[in-house]
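# Descriptive structure summary
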Amino acid sequence: MSAHASLPMNPWLWSQTLGETYAAGLDPVGVAGMQRDARLAQLLRTAFADSPFYLARRPGGASALPPLEAVEPVGKAELMRHFDDWATDRQITRASVDEFLSDPERLADAYLGKYLVWTSSGTTGEPGIFVQDPLSLAAYDAIDALRLQDLGTPSMAWPAWGGAQRFAFVAATGGHFAGVASIERLRRIAASAPLLLQWMTPVMQTFSVLQPMDELADALMNFAPTVLISYPSCADALALMQSEGRLKLALSQVWLGGEQLSDEQRERIRTAFSCTLRNNYGASECYAMACECPAGRLHLNHDWLILEPVDRQLRPVPPGEASDSVLLTNLANRTQPLIRYKLGDSVRVCTEGCSCGSGFPAIEVQGRADHTLVLHDTQRREVRLLPLALSTVIEEGALVTQFQLLCTSPNRLELRFEDAVSDPKAAFARAKKALAAFLAAQGLMHVRVEHGTAAPLRHPRSGKVERVRLAMAPKTPRGH
Ligand SMILES: [Zn+2]
């Protein structure tokens, strides 16, 4: 097959980005604000000059740069439809990117010699394809290195990366997803370190959430990680196994992201592993949007992105109020610009300061909060199925994203579809086949999967459709 072409490192760009990010951390209002304004102007200039898609939408058409508020918000489906007109590098085309993505062996390879490409898993509709340029990768690296640990005083997270730490990344595998692509890129950078430095470079390994929990536990114990990186629901299920003695890991840190983290999950994970826990808020569209501080709050990296909380009509929502959706402007990526992109999460910008003393605004995010399902095998033993694993099986196996899998009893599942799914019968047939194989691997071949024709249940507060949930809301925090 194709030879691996790893992404080139640009030490000058990397150190400059690190320096700027460090300076912003020293002065999150003044310096970060100036950096944000300069990056926004550069992004708008580049997008309106070199992206035919944005050029056609340029407000006013005058020579002066329009203010951000004048740019019309845009959604994923529209960008994906105009893929070939979207990027400022005119070599980026849907045909070439599809060809690249069709080969799983090319995960984290250099697309067109310099870009990292990843896809969103599609839980909010059609999967998105996102091209990360060298500056955006340098920005995510700088944020990871400087802000994952302590936002109050800019400190170095280097000790976590060096000193022969062993990172276990438990996630959806089998596609060019943002998580596995990022980790594979970092793994290759670490592995290419000069031999003399190998003793201090971290070791990383990716583990699939699609395997049965017992097998996952065995694989993790075999690897003996010091840092676990995963989704809250997965780390929570592993924490339960650790407290029951079925898993024995000596972790120094757990890093979480990708889903809503509840207070109960946080407490259970921290108690089971007795170690530091770090949460962050990111998306395929912008990998490092907010980092958690020691006080347990998410602080927005507002030197590298702009988040505008909005209501249903896309009007601004004042600080202190929870929004219906949020518009993202990624200031780091000038190659595939995201300007006032409809991200969908509900965000509240906190008006009160944070006890950690950080000048980066604190936010609260109401993201996805699917349920972990507990089914019974033929001996009536409990088998836990992670929402991420189930969604991945259905999305990849049935090529459908607008669904809801309901657990109606410990041996019955019901699959419903949203109205937008054009041929639900065919989608159900594909999903049933994929789920049957997945359930059989977990010893759950007797579990019935039925086609539900009613509309998916909606979250009582947010109105959103959770992809995987119990038919009845869980009464105890454990089910969450
Ligand atoms: Zn804080």
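Residues numbered from 1 in each chain as written. Predicted model: local features only at pLDDT ≥ 70, side-chain atom pairs only at ≥ 80, totals over all residues. Heavy atoms only, no water.

The protein atoms that coordinate the zinc ion are Cys293 (SG), His299 (NE2), Cys354 (SG) and Cys356 (SG), at distances spanning 2.1 to 2.2 Å. With four donor atoms in place around the zinc ion and angles of 105 to 113° between them, the coordination shape is tetrahedral. In the primary sequence, the donor residues of the zinc ion line up as C-x5-H-x54-C-x1-C. Of this pair, Cys293 sits in the loop between strand E8 (286-292) and strand E9 (298-300) while Cys356 sits in the loop between strand E13 (346-349) and strand E14 (362-366); the two residues are 63 residues apart in sequence, bridging distant segments of the chain. (Donors = N, O, S within 2.8 Å, 3.2 Å for Na, K, Ca; no water. Tetrahedral: all angles 85-135°; square planar, octahedral: opposite > 155°, others 65-115°. Helix = DSSP H or I, 4+ residues; strand = E, 2+ residues; numbered from the N terminus.)

Moving on, we get to the packing of helix H13 (residues 387-398) against helix H14 (residues 424-441). At a minimum axis separation of 8 Å, H13 and H14 run at an interaxial angle of 130°. Of the possible angle classes, the one that applies to H13 and H14 is oblique. The crossing of H13 and H14 is right-handed. Facing Ala389, Leu390, Val393, Ile394, Gly397 and Ala398 of H13, the residues of H14 in contact are Ala427, Arg430, Ala431, Ala434, Leu435 and Phe438. (Axes fitted to C-alpha atoms, helices over the stretch in contact; angles between N-to-C directions. Parallel < 35°, antiparallel > 145°, perpendicular 65-115°, else oblique. Left-handed = near helix turned anticlockwise from the far one by under 90°. Contact = heavy atoms within 4.5 Å.)

As for its placement among the helices and strands, Thr46 is situated in helix H2 (residues 30-50). Leaving out residues up to four positions away in the same chain, Thr46 has contacts with Ser51, Thr88 and Arg334.

What follows is about the pairing of E14. Taken together, the two bridges between E9 and E14 define a ladder with antiparallel strand orientation. Among the inter-strand pairings, His299 is bridged to a residue of E14, identified as Ala362. Pairing geometry for E13 and E14, over four bridges, is antiparallel. Looking across to E14, one finds that Val347 is bridged to Val365. (Pairing = 2+ DSSP bridges.)

Helix length check: H14 (18 residues) gives 25 Å between terminal C-alpha atoms against 26 Å at 1.5 Å per residue, within 8%. Inspection of H14 places Ala427, Phe428, Ala431, Ala434, Leu435, Phe438 and Leu439 among the buried residues, and these make up the whole buried set. End-on view of H14: buried residues confined to an arc of 140°, all on one side of the axis. Turned more than 90 degrees off the buried face of H14, the exposed positions are Lys425, Lys433 and Ala437. Elements in contact with the buried residues of H14: strand E15 (373-376), strand E16 (382-385), H13, strand E17 (403-409), strand E18 (412-417) and strand E19 (448-452). (Expected span 1.5 Å × (residues − 1). Buried < 20%, exposed > 50% of the residue type's maximum accessible area, 1.4 Å probe, protein only. Arc of directions from axis to C-beta.)

One open sheet accounts for three strands, arranged E10-E11-E12; its pairing is antiparallel. The open sheet has two edge strands with one neighbour each: strand E10 (305-310) and strand E12 (341-342).

A few words on the state of the cysteines. Evaluated as defined, the whole model comprises zero disulfides. Cys291 takes part in no disulfide bond, and the closest cysteine sulfur, belonging to Cys293, lies 10 Å away. Unpaired in this structure, Cys407 has its nearest cysteine sulfur neighbour in Cys234, at a distance of 18 Å. (Disulfide = S-S within 2.5 Å.)

Let's shift gears to the sheet that holds strand E3 (residues 166-171). By way of backbone hydrogen bonds, the strands of a sheet pair with one another, either parallel or antiparallel. With mixed pairing, nine strands are arranged side by side in an open sheet as E4-E3-E5-E6-E7-E8-E9-E14-E13. Looking at strand neighbours, the two that pair on one side only are strand E4 (203-208) and E13, the edges of this open sheet. Neighbour to neighbour, the strand axes of the sheet diverge by 30° on average, direction disregarded.

We note that Arg380 has phi near 65°; this positive angle belongs to a residue other than glycine. Inspection of the secondary structure assignment puts Arg380 in the loop between E15 and E16. The class of Arg380 is exposed, set by a relative accessible area of 63%.

Under the criterion given, the structure shown has ten aromatic pairs. The rings of Phe83, Trp86 and Phe130 are connected pair by pair, giving a single aromatic cluster. Above the ring of Trp304, the side-chain terminus of Arg39 is found at 3.5 Å from the ring centroid. Cation over ring: Arg94 sits above Phe83, and NZ or CZ is 5.9 Å from the ring centre. (Phe/Tyr/Trp six-rings, centres within 6.5 Å; stacked < 30°, edge-to-face > 60°. Lys NZ or Arg CZ within 6 Å of the ring centre and 35° of its normal.)

Limitation: the analysis is restricted to geometry and does not speak to function.
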